[in-house]
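# Structural description and commentary
Below, each chain spelled out in residue letters.
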Amino acid sequence: MSEAFDEKAPVDEKVTFLKNVQEMLNEEKWTRATLSNYSANQFKELDQILKEARDGRIIRDGQDLRLDMELKGLCDEHLTHSKNSIIALYLSGMISISHDVIEDSNMNSLVGIFLDNHKWNIVNYLCERILDYGESKFALRTLVECYKNESKEDAIYGIWERLVKVDYEEADIAKSLAEHYEKQGDKENAIDYYKKALHRYINKALITNVREIWEKLLGYCSKDIDFFLHVEKRIAKNISEDKAVLLLQDVYQVCRKKDDIETAINILKIILQYDERDVHARKELVECFRQKYAAHSQLEEYIRISNISQNWRPVHEAVADFEKHIAFDKGNFVFHRTWGAGRIDSVQGDKIVIDFAKKRSQSMSLRMAVNSLQTLSKNHIWVLKATRKKEALHDKIKEDHAWALKTVIKSFGNSCDIKKIKAELVPSILSAGEWTTWVTKARDILKSDPNFGVSPDNIDLFTVRDRPISIEEKLYNEFKAERNFFNRAQTLRLYLTQADVELDSEYFKEMFDYFTSYLPSASSIKQVNENIVASCLLIKELAGKFPKLANGLSLNFAPLFEKIEDVPELFQNLKDSKLREEFLKQVKLLSGWEDVYIQLFPYILSNSIIEDLLAGAYENKLVALVSSSFENIRESSAVRETAVWFFKNASDTPWFKKACLGYEKQLITLIHILDISYRDIENHRDTPDNRKVNKQVYSLLFTDKRLIDFIDQGDRDTIMRIFTFIQDVKDLDPADKIELKKQILLKHPDFKFLGNEEKTVITRGLMVTAAKYEEKNRQLAHIMEVEVPANSKEIGFALSLGDLRENAEYKAAKEKQEILNSTVAKLKDEIDRAQIFDPAAVNTSRVSFGTKVVLRSTKKKDREEYSILGPWESDPENNVISYLSPFGSTMLNKVAGEGFDFSANNETVHYVVEEISAVSI
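Every value quoted in this text rests on a predicted model; they were computed, and no experiment measured them.

## Here we look at the overall build of the chain
A tally of regular secondary structure across the chain gives 44 helices and 16 strands. Compactness check: the chain gives a C-alpha radius of gyration of 41 Å against a globular reference of 29 Å for 921 residues, more than 25% above the reference. For the chain, the C-alpha atoms occupy an extent of roughly 135 × 105 × 45 Å along the three principal directions. Out of the 921 residues belonging to the chain, those deemed buried represent 46%. For the chain, the computed accessible surface area is about 47,500 Å², with 47% contributed by carbon and sulfur atoms.

In structure tokens:
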């Protein structure tokens, strides 16, 4: 064979290369004698052929093909009639393995041939070659056989360790490794492999093996109660609840011997959840309660009252009753909704005396106390608020975040979210400003501190752990509590970033299996959704770093893509940026990818898409997309956003200019987008997207002064067209229209605007002056930014005082809140309806907004002068009246010399309009 060649090697040389291989295959003779004479050196010669083919390419029938795949095709064809060809099996198998097909049937067959003939050195070489490309269960198991034949016992353990990491079902070898390390005195590794074996035997439902290892682990790590409680749930699910109870009883006995009464009680409660009629467990629970509360003055009385030792009463009901009563003892704390926190002074029979902060020596019956009071631990946040100085508690909470979090979370059943924590600390202890800084560090602690966890049912509820856990277990718990698919994907990624992460751990396996469960065979999938596609893409992503994760999984994207009904909708539903990137990469490998890119561009809006299309010589499709975006802006907010993106980012590019869209046409399109988005916002249609595009267009046209700059360069006809379109945007701020009109008049003082007649009656909106409009906005801002926050603090303080029924401060603060809410609502409504009056557009030919009117009364013969403005500007004492008032609306549209009657206070007066002039605004 020739030396290795690159892609630029002559085609004839590559063809000759393939012909030489074909001749080798034809000359090969397969006999047992041939096998006996085979050595590793012959395979090394074949490796040279593979090296030559690896980087070469060849053109066949107009297609650019990889040379190694052509070589594989040649070998596969040869195997159809010579199935035991050593050369063909090796070349084809190694090429498949180099393309990530770890368990290749040709290589397995080849190994089997030499294994049957006891050629152990060749078997060893072939297995090592397979393992060069990644871990293979077949190669590892076969390598163990080699080492056994060669009596390399010590080397076997290393292979077993590798095998256990890739074969998640292998339990016996995991157990053998545990026993090996146990003999060596390596307790840490022994425990690790015993745990692996235990989980795998549970999966196989082999209870005898499970119990054997369970007892081993109880001897080694009985303190790791969380592990045993986690495992017993899996036993109950995979094997039976009876077996779980059986094993829990072993843990209970260990806890009793160690006087770990709290844990023993928890285990008995779990046993009774499985079987509430378990008389032995119930009896043991009573004895544990007796030991735990031995110093309690009312222990036996409460056992009697609760009937916890009587089998006729439901056990869970009796336990709850007992635990509620047992909390009432001298020195313990309680809470009353009116009197606040209190300390029990004494308990005598059915009488209990309590010292409350607001009511000393309060006496009541035990029954009443149990029903009306909430028991508190001495470290409950309410107790600390009542018993510690506020300044000291403030400093402690501000400085010791972990202590504060534990205190608040444990105060409320060991389950608390950030909102509840804030309610307890702000404003009674921390100010709103202090909270903002404090909560940032608190969130970091909740995320990273192993003493905190999350509720298994709600990712937002935090708990305090009795025992610290590893970051891996913490992430696993968060994964289980999380309900959002894409948040789970993020958690799995984070798990794999941890140092020394073990892919064969049960935590990882359960998380990973969640995503693989979405990957049935392509033929069985009728309709593909975002979770199926995302799972495929995520596993591809992770397999890039950990190749063995892809073993045995079908990760072919093409058949999934063919079954996607709505590609843009599915793409938008991929709520993960990395998965979106991977989706686009996979699409680009498909035929017709350019059309998919065009289809998805409105939902990506990225230069990288444009670069790919231009690099693929699809400029014509890009130009068509530009034209379509500007022509079809009424279709959706996505199309409008695409047109705006092109205007901002591509209008100067050569390919954009090929769409032949003049600058005036582009601006008019933006004005139309502004108008459409205003209307869609008003009709609550795609409001967030329309607000976004509306803000972008407004910034382009007005903030960046593109309209004014264009008008400065335009002729009168152009200006008239542009301004007419702007006038038609009814929800545009009148101040912007006025400013644009001023700019036009600066350049063309004699410019006549169409439709300039003043509309006296405004069907929608409220005519106001610019000064009053600004004043009302300042008033609204002051209420929202100053008065409302201050009122919220007043309410918070009033709440901290206790009983709301007799809380004058709370009632006053709530009344003020209602007034503020009403004022804000009214101001917002008026500001939304406000139409800013343009003084330059005043019409003095008739009485209208912005005019000063001189009237003569025929009865009094007096001249009266009035300014006609809006309700915001109205000031009757200074003769400024609203155009909406009875007198003002009667005058509207009257011309000089015209008379009218006005009735008020049972008197009718006749007026004549003498003069009309513009008000000075």
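Following the structure, the description resumes.
## Let's talk about the pattern of salt bridges
Tallied over the entire structure, the rule returns 47 salt bridges. Asp-132 is paired through a salt bridge with Arg-129; the nearest N and O atoms lie 3.2 Å apart. Linking Lys-692 and Glu-641 is a salt bridge whose minimum nitrogen-to-oxygen distance equals 2.9 Å. You can see Lys-692 sitting in helix α38 (residues 687-703) and its partner Glu-641 sitting in helix α35 (residues 637-649), a full 51 residues away along the chain. Residue Glu-641 is classed as buried on the basis of its relative accessible area of 11%. In this structure, a network of salt bridges that share partners links the residues Arg-856, Arg-863, Glu-914 and Glu-915.

## So, the nonpolar core
With 119 residues, the main nonpolar core has Phe-43, Leu-71, Tyr-90, Phe-114, Leu-126 and Phe-328 as its most contacted residues. With 9 residues, helix α5 (residues 86-98) is the largest single contributor of residues to this core. Excluding anything up to four places from it in sequence, Phe-43 contacts Tyr-38, Ile-86, Tyr-90, Leu-110, Phe-114, Ile-122, Tyr-125 and Leu-126. Ile-532, Leu-579, Val-623 and Trp-645 belong to the second-largest nonpolar core, a separate cluster that totals 98 residues.

## Quick word on the pairing of strand β9 (residues 458-464)
Bridge analysis of strand β8 (residues 452-455) against β9 gives 4 bridges, and the strand direction is antiparallel. Within β9, the position partnered with Phe-452 by the bridge is Val-464. Where β8 folds back on β9, the antiparallel hairpin that results is connected by 2 residues.

## Some words on the pairing of strand β16 (residues 907-918)
Alignment of strand β12 (residues 851-857) against β16, held across 7 bridges, turns out to be antiparallel. In the strand pairing of β16, Arg-856 is matched with Val-912.

## With respect to helix α41 (residues 734-747)
With 14 residues, α41 ought to run about 20 Å at 1.5 Å a step, and its terminal C-alpha atoms sit 20 Å apart, in line with that. Those residues of α41 that fall on the buried side of the exposure criterion are Pro-734, Asp-736, Lys-737, Ile-738, Leu-740, Lys-741 and Ile-744. Structurally, α41 contributes buried residues whose contacts are with α38, α39 (706-713), α40 (716-727) and β11 (834-836).

## Re the sheet that holds strand β14 (residues 880-882)
Here we have 5 strands laid out as an open sheet, ordered β14-β13-β12-β16-β15, and mixed in their pairing. Bordering the open sheet on either side are β14 and β15 (899-904), each of which pairs with just one other strand. Across the sheet, the mean angle separating the axes of adjacent strands is 45° when strand polarity is ignored. Pairing of β15 with β16 involves 6 bridges; the strand directions are antiparallel. Bridging across to β16, Phe-900 finds its partner in Tyr-911.

## Overview of the packing of aromatic side chains
Under the definition given, this model contains 48 aromatic pairs. The interplanar angle of 85° and the centroid separation of 5.4 Å between the aromatic rings of Phe-485 and Tyr-518 together place this pair among those described as edge-to-face. A residue pair is termed long-range when its members are at least 10 positions apart, and Phe-485 in helix α26 (residues 485-496) and Tyr-518 in the loop between α27 (506-516) and α28 (530-545) qualify at 33 residues. Look at Phe-485 and you get buried, because its relative accessible area is 6%. With a centroid separation of 5.8 Å and an interplanar angle of 75°, the aromatic rings of Trp-645 and Phe-646 are classed as edge-to-face. Through pairs of rings, three or more aromatic residues link up here, namely Phe-479, Phe-485, Phe-486, Tyr-514, Phe-515 and Tyr-518. Lying across the ring of Tyr-193, Lys-196 places its NZ or CZ 5.5 Å from the centre.

## What to know about the side chain of Lys-776
Looking at where Lys-776 falls in the secondary structure, it is placed in helix α42 (residues 770-800). We note that Lys-776 is buried and unpaired, the nearest opposite charge coming from Glu-830 at a distance of 4.8 Å. For Lys-776, the contacting residues outside a window of four places in its chain are Leu-827, Ile-831 and Trp-872.

## Points about the sheet that holds strand β7 (residues 374-376)
Each strand in a sheet pairs with its neighbour through backbone hydrogen bonds, running either in the same direction (parallel) or in the opposite one (antiparallel). Spatially, 5 strands are ordered β6-β5-β4-β3-β7 in an open sheet, and the strand pairing comes out antiparallel. The strands lining the two open edges of the sheet, one partner per strand, are β6 (362-365) and β7. This sheet shows a mean twist of 40° between the axes of neighbouring strands, independent of strand direction. Two strands pair when backbone bridges link them, and strand β3 (residues 333-336) and strand β4 (residues 340-348) are joined in this way by 4 bridges, in the antiparallel orientation. Residue pairing in the sheet places His-336 in a bridge with Gly-340 of β4.

## Here we look at the environment of Ser-920
Looking at the element boundaries, Ser-920 is found in the segment after β16. Look at Ser-920 and you get exposed, because its relative accessible area is 77%. Sequence separation between Ser-920 and Thr-851 is 69 residues; the distance between their C-alpha atoms is 8.8 Å.

## Some thoughts on unusual backbone geometry
Here the amide bond leading from Val-426 into Pro-427 is cis, since omega sits at 0°, within 30 degrees of zero. Along the chain, Pro-427 falls in the loop between α23 (418-425) and α24 (432-448). Even without a glycine there, the phi angle at Asn-414 is positive, about 55°. Relative to the assigned elements, Asn-414 resides in the loop between α22 (401-411) and α23.

## What to know about the packing of helix α11 (residues 187-204) against helix α13 (residues 225-238)
Two elements in contact, α11 and α13, have axes separated by 9 Å at closest approach and are oriented at 20°. In terms of orientation, α11 and α13 fall into the roughly parallel class. Our pair here, α11 against α13, has a crossing hand that is left-handed. On α13, the residues that touch Lys-195, Leu-198, His-199, Ile-202 and Asn-203 of α11 are Phe-227, His-230, Val-231, Arg-234, Ile-235 and Asn-238. Grouping the constituent residues of the contact of α11 with α13 by class yields 5 nonpolar, 4 polar and 2 charged.

Reading the values: the criteria
Residues numbered from 1 in each chain as written. Predicted model: local features only at pLDDT ≥ 70, side-chain atom pairs only at ≥ 80, totals over all residues. Heavy atoms only, no water. Helix = DSSP H or I, 4+ residues; strand = E, 2+ residues; numbered from the N terminus. Rg over C-alpha atoms; globule rule 2.2 N^0.38 Å. Buried < 20%, exposed > 50% of the residue type's maximum accessible area, 1.4 Å probe, protein only. Areas by Shrake-Rupley, 256 points an atom, 1.4 Å probe, with all protein chains shown as cover. Salt bridge = Lys/Arg side-chain N within 4 Å of Asp/Glu carboxyl O. Core = buried A, V, L, I, M, F, W, Y, C linked by side-chain atoms within 4.5 Å. Contact = heavy atoms within 4.5 Å. Pairing = 2+ DSSP bridges. Expected span 1.5 Å × (residues − 1). Axes fitted to C-alpha atoms, helices over the stretch in contact; angles between N-to-C directions. Phe/Tyr/Trp six-rings, centres within 6.5 Å; stacked < 30°, edge-to-face > 60°. Lys NZ or Arg CZ within 6 Å of the ring centre and 35° of its normal. Lys, Arg positive; Asp, Glu negative; His and termini not counted. Parallel < 35°, antiparallel > 145°, perpendicular 65-115°, else oblique. Left-handed = near helix turned anticlockwise from the far one by under 90°. Nonpolar A, V, L, I, M, F, W, Y, C, P; charged D, E, K, R; others polar.

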